[in-house]
Amino acid sequence: MFNEYEDLSFEEQLQLSESLIIRRYNQQMFLRRNARLLQQELELEAELLEENPELAQTIYTLNMQEIQSNQRGVQNVLGSQESASKEQSVWSKFFLGLGG
């Protein structure tokens, strides 16, 4: 197996390994802390929604509006692609070398 660090001295390899271990440990601690914060946020959100059904309904309505808006946006994009291909096919009838 090729070792990309084989030109390094033992001490340099050891320092590199140590720094990689420290970096991975710090990443794991960061991820664990973020997971705990997200869990706390979800619990707080659930508590707020449970205590306030009007807020829950408002959030639901806003989410549904956003979903519908996104769907309309996708349909508009797909529709514009379809009309562009229809345009291209119409033009190709008049100009034979023009795509289509």
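All figures in this text were calculated on a predicted structure; none of them were measured in a lab.

A. How the structure looks around a negative patch on the surface. Among the surface-exposed residues, Glu43, Glu47, Glu50 and Glu51 lie close enough to one another that they form a single negatively charged patch. Among the structural elements, glutamate 43 can be located in helix H1 (residues 10-51).

B. Here's a closer look at a nonpolar patch on the surface. Together, Leu44, Leu48, Leu55 and Ile59 line one region of the surface with nonpolar side chains, adding up to about 310 Å² of accessible area. At the level of elements, H1 and helix H2 (53-94) are the ones that each hand at least two residues to the nonpolar patch. With respect to the element layout, leucine 44 can be found in helix H1.

Procedures and definitions
- Residues numbered from 1 in each chain as written.
- Predicted model: local features only at pLDDT ≥ 70, side-chain atom pairs only at ≥ 80, totals over all residues.
- Heavy atoms only, no water.
- Patch = residues over 30% accessible without salt bridge, like charges linked within 9 Å, V, L, I, M, F, W, Y side chains within 5 Å.
- Areas by Shrake-Rupley, 256 points an atom, 1.4 Å probe, with all protein chains shown as cover.
- Salt bridge = Lys/Arg side-chain N within 4 Å of Asp/Glu carboxyl O.
- Lys, Arg positive; Asp, Glu negative; His and termini not counted.
- Charge placed at Lys NZ, Arg CZ, Asp CG, Glu CD.
- Helix = DSSP H or I, 4+ residues; strand = E, 2+ residues; numbered from the N terminus.

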